[in-house]
Amino acid sequence: MSFNTERVKIGRQPVVVCELDLDFCQWVFGELHENYLLHSEDFSDAYWVGFATVTTNTDTAPDSTTTADTVSDVSAVGETGVAGAVQSFDATAEYTLSVYVKKDSATTHYPLVRLEYSGSTTEQYDCELNRDTGAYNALNDAVASDIAVEDAGDYWRVSITKQSADSANTVGSLYVAPAYSSTFGGGADGAATGGIVLWGAQAVIGGIPGEYTTTTSAAVTNGGCSASAASGSECYNTRKTCQDTARYSKTAKTYRFVQPVEGLPITVDMIPCISGKPSYAPMKITPGKGLGHRGQVQVKLRDFTYHDRGIDPYVATRSYTPEAQGTYWGKLLARNPYYRGRPMRIRTGYLGDSWDWGNFQTRLYIIDNISGPDKSGMVTITGKDPMTLLDDDRAQCPAPSTGVLAAGINSTATSFNLSPSGIGNSEYPTSGTLRIGSEEMTFSSRTADAVSGVTRAVNGTEADDHDADDVVQLAKVWSGVNVVDVIDDLLNNFVDGFDTSWIPYDQGISGPATGTDDEWDEEKGFYLSSNDITRTLSKPTGINKIISELTEQHLFNMFWHDTDQELKIHAIAPPKANAPVGAFDDDSNILADSVRLTLDEKARVSQVWVYYNRIDNTEGGKPEAYHNLYIAADLNQEDADLYGTKAVKIIYADWVPSQALAAQLAGRVLSRFYQVPKIIRFAVDAKDSDKSPSDLVSITTRFIQNEAGAREATRFEILQVDEKEAGHRAEIEALVSSFNGLYGFIGPDTLGDYSAESDANKQAYAFICPDSGVFADGSNGYKII
Amino acid sequence: MPSIAYENYFTTGTVSVDSEDSDYLKENAYDWLTYPGDVWKPATSGTHYITVDMGSAVDADFWAVYGHDVDSIKLQYSSDNFAADINDVGTSVSPSGDEVIYKEFTSINARYWRLQVVKAASVSSIGLVMLGEKLTVPESVQVGFTPPTLTGGNDYMNSESEGGYFLGRSLIKNGRQFSLSFPLLTPSFIRDSWDLFIQHAEAKPFIFAWDYDNYPAEVAYCWTDKKIDVPNYHQPNFMQASLKVRARV
């Protein structure tokens, strides 16, 4: 059984999977881990015995340091290797010995990793490794289940777990032979020679290799759990039930649920308890009006009795019968109350011929709430898109300062002390901008809690007396910083839990840069290239509010793309030269009886008033608070023979520092909304549902006609895609995307005259027309915006 | 004649396995649950066994597996816990898909039974194993009965364009549903056999083979749907029994 993301899905059955990643401690209850091998990254140390040749620090190790060694067998007669003895050996304990072996496609030699016990009876648990594929052969006393080979990036981590069969043994050791064989599976070959790269040898008591810890001259405790409750009273490997919170080590455990459809594969771990279909409230962009509506999903799941196998690691020791006590969700939520903010994925696909998660369409959300089980035995999980992490109650800039004035100051003081003691070093830089009351001030020096070199009443504010215990708020200052970098700064430094992988910005501060432009780089380098910001923010302000203002005042859409799992920035402007524009029409795409066409009368704009340059940086949002006003108007549209009325849009542009940007903002808003915009809503089959908000699409439908009654292809900007029937039908809402006038881009030198150029180039590039404003064929001239 | 298989020695005997992934314990193989992931998995690929010791010799005449990912599977029995006495019951079964495996055989009396599962390239998975004595219903299915493995009965959602073209179709399969009705059962069968089956069916699933002799592959893993009808005297010397079931095949 399987899924197929082929969007033309004739006769396939859609299915929805819901995944929750909840916290889970990596340790086994009551098992402490100590690395009993010494010099774990230095195989040249005398601790390691044997005749192999060791060259130290030849390669980058899994921890990105250059500490991996090359261990070579240079003898064509017999096998050589290195061996390290387990310290404080206990023959009655089960050990797991592990070592990292670098991947290599060489077929000249294959290494052997051995766990050996000796002293009374020699036992050799051997693993022959194929460094190219990670395949292994269990040799001598080993069976396959004694061995694990974990993919660790550029390395394989080979581990062997076994307890000695002879309690009289006195020695345990790890032995590695770099050239055990010349043919994988062909047996020992003493003539084989060659080197391998090794790093991170470890011996721990217990059945898992555990987190690796470096050792030098002594064994090192590297984690584990020291709880000692009686059997049956173990934790559930969650923070709520942890009995050794100091050692709690969080990883994620994925809980997977699926719709109870026929034909699910038995081998994939998922519980068929989803009731009905997920309920989506899809994200919707609102061009020019801030951040729009957040995406949300609700999934209803049935509760049921459960045997706890697979979710309670110690189910076998419990004194109660799990399926006879409580329910799945009742127990899961009691053990995992800290679910808010954890990842939630909704995956849709089709039953097909083979199962491949790569063929699923995956949407990422953040768990907002899990309610229930209710009286009907239902649990409802609500997920919101990750932009919920920007909510004003979760993230602010600047972060609220906790320092206060140690003593009152008058309106001319240029130094003061902070309180409580020590707050200076912990919260304040050595220079910057502060706000006390409604006065902003800069300071050039801070030593411990003493602030000096204060310049009072900056940024148009007034100097004033301030009392002891008045809050000294550190301000955030941007000076000539591009709007894209301001957003990157906010997300990286002021939003907890925002994953940097969600920001497609190669030059961003999360770095390192690869040199290949990502989407934000392209937007910054194009329409937003001149949108530099100079602003002092001296009052903790919600990140959502800040970014909403930025999108409105620098005219771009910013939205969570749930299937790309990235935060997108798209400038509100004519499409770039040769930008792809999809095409929908009545025959091939638009579903029957689904079209609704409306006009958004309130969205028309004939004048744009942009107030900018605050008089007092702490006051805004009203005309008298600004030095400057820029007005752009299309008075023709107000003519009595046309719309006949004014439609004024007022923008208090606190993030617009110059007339040039105010003019750009006003011009683009006026061009975008000079007419009453059409809004179209229609449905498409799953084959066409891979569109996203902000995508452009040309729609040809009988519902949009020209004066002669012919269908007229019209370009729309998609506002929302609502997957009404998962994997089957989506409803799309789109706003007409016409800009007043003809726009083009500066073309290459190879372009000819307008009349000689192709239609494609006429659409892509700008041409200079005669003074009449029209070309010889009557076409309108281009505009510069 | 129809067969109903509901007895399961794996739920009453002592079960052991030769290998077990700690996240997929052996108990998953006989807890009657067959959803994805509720499986027994050995820790490694290759040949493995799930064994049941009944304490003393018992009769069995069927075995079944539902929910599986194996190359082949075979039933064996022994009198010495497979030390030296190892006997196959029939030949290995190599399933082509995820169909219900159900095999009837001439009754055998043994204490130790095991299923040998083989998967060479990866670890095998077993959702449910069953072993026991089947119940043979002494009356054929009635006119109107639909064998559960026949296709059809699914729902569809079509996509048709504004211009009238076919754009796609989603198939909606939610499992099988059918009714079993036996109007001419003897009162003694009802009292001695059917009632015991109903006591099981009120709580747990079962396997139904409507005509194993002629259509051995047309079997279904069933559970009752809604209220089970109480048997009644349909004619003076015969009783009628029926039930509605949901099924996977």
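S.K.: Got a minute to help me understand empty space enclosed by the protein in this structure?
M.R.: To locate leftover empty space, one rolls a probe as large as a water molecule over the atoms. All names here are of chain A. Throughout the structure, instances matching the rule amount to four cavities of 30 Å³ or more. Space inside the largest cavity adds up to approximately 80 Å³. Surrounding the largest cavity, 13 residues form its lining, Cys 25, Cys 225, Cys 235, Cys 242 and Asp 244 being those nearest its centre. Counted as a void, the second largest cavity has a volume near 70 Å³. If you trace the second largest cavity, you find it lined by Leu 22, Asp 23, Thr 238, Arg 239, Lys 240, Tyr 248, Arg 335, Asn 336, Pro 337, Tyr 338 and Tyr 339. Looking at the lining of the second largest cavity residue by residue, the class counts come to five nonpolar, two polar and four charged.

S.K.: What is the right way to read the pattern of salt bridges from this model?
M.R.: All names here are of chain A. According to the stated counting rule, one finds 51 salt bridges over all chains in the structure shown. Measuring nitrogen to oxygen at the nearest pair gives 2.7 Å for the salt bridge that ties Arg 345 to Glu 19. Of this pair, Arg 345 sits in strand S18 (residues 343-351) while Glu 19 sits in strand S1 (residues 13-25), and the two are 326 residues apart along the sequence. The pair formed by Arg 345 and Glu 19 is uniform in burial state, with each residue classed as buried. Of the charged contacts, one joins Arg 340 and Asp 368 as a salt bridge, the two residues approaching to 3.2 Å between their closest N and O atoms. With Arg 340 in the loop between helix H1 (328-335) and S18 and Asp 368 in strand S19 (residues 361-371), this pair connects stretches of sequence that are 28 residues apart. Classification of Asp 368 by relative accessible area gives buried; the value is 15%. Here the salt bridges do not stand alone but share partners, grouping Glu 19, Asp 21, Arg 256, Arg 345 and Arg 347 into one network.

S.K.: In this structure, what is going on with the packing of aromatic side chains? I would like to understand it.
M.R.: The description of an aromatic ring pair uses the distance of the two centres, along with the angle that the planes make with each other. Taken as a whole, this structure holds 42 aromatic pairs over all chains when the rule is applied. Where A:Phe257 meets A:Trp329, the ring centres are 5.0 Å apart and the plane angle is 35°; that geometry is what we call tilted. Placement of A:Phe257 in strand S15 (residues 250-258) and of A:Trp329 in helix H1 is noted, with a sequence separation of 72 residues between them. Like A:Phe257, the residue A:Trp329 is buried in the burial classification. Centre to centre, the rings of B:Trp194 and B:Phe197 are 5.2 Å apart; their planes meet at 70°, and the pair counts as edge-to-face.

S.K.: Please clarify how the interface of chain A and chain B should be interpreted in this entry.
M.R.: Accessible area lost upon the coming together of the parts is a frequently used measure of interface size. At the junction of the two partners, chain A supplies 42 residues and chain B supplies 42 residues. Summed over both sides, the interface of chain A with chain B buries roughly 3,200 Å², with 54% coming from carbon and sulfur. Between chain A and chain B we count three salt bridges in total. In this structure, B:Asp31 and A:Arg309 form a salt bridge, with 2.7 Å as the shortest nitrogen-oxygen distance. Applying the counting criterion to the chain A and chain B interface returns 18 residue pairs in polar contact (both at pLDDT 80 or more). Each residue belonging to the side of chain A that touches chain B can be placed in one class, and the counts come to 19 nonpolar, 11 polar and 12 charged.

Criteria and thresholds
- Residues numbered from 1 in each chain as written.
- Chains lettered and ligands numbered in written order.
- Predicted model: local features only at pLDDT ≥ 70, side-chain atom pairs only at ≥ 80, totals over all residues.
- Heavy atoms only, no water.
- 1 Å grid on protein atoms, 1.4 Å probe; cavity = no way out; pocket = protein on both sides within 12 Å on 5 of 7 lines; lining within 4 Å.
- Points joined across faces, edges and corners; volume = space filled by probe spheres on them.
- Nonpolar A, V, L, I, M, F, W, Y, C, P; charged D, E, K, R; others polar.
- Salt bridge = Lys/Arg side-chain N within 4 Å of Asp/Glu carboxyl O.
- Helix = DSSP H or I, 4+ residues; strand = E, 2+ residues; numbered from the N terminus.
- Buried < 20%, exposed > 50% of the residue type's maximum accessible area, 1.4 Å probe, protein only.
- Phe/Tyr/Trp six-rings, centres within 6.5 Å; stacked < 30°, edge-to-face > 60°.
- Contact = heavy atoms within 4.5 Å.
- Buried area = accessible area lost by both parts, 1.4 Å probe.
- Polar contact = N/O pair within 3.5 Å; in protein donor to acceptor, adjacent residues only side chain to side chain.

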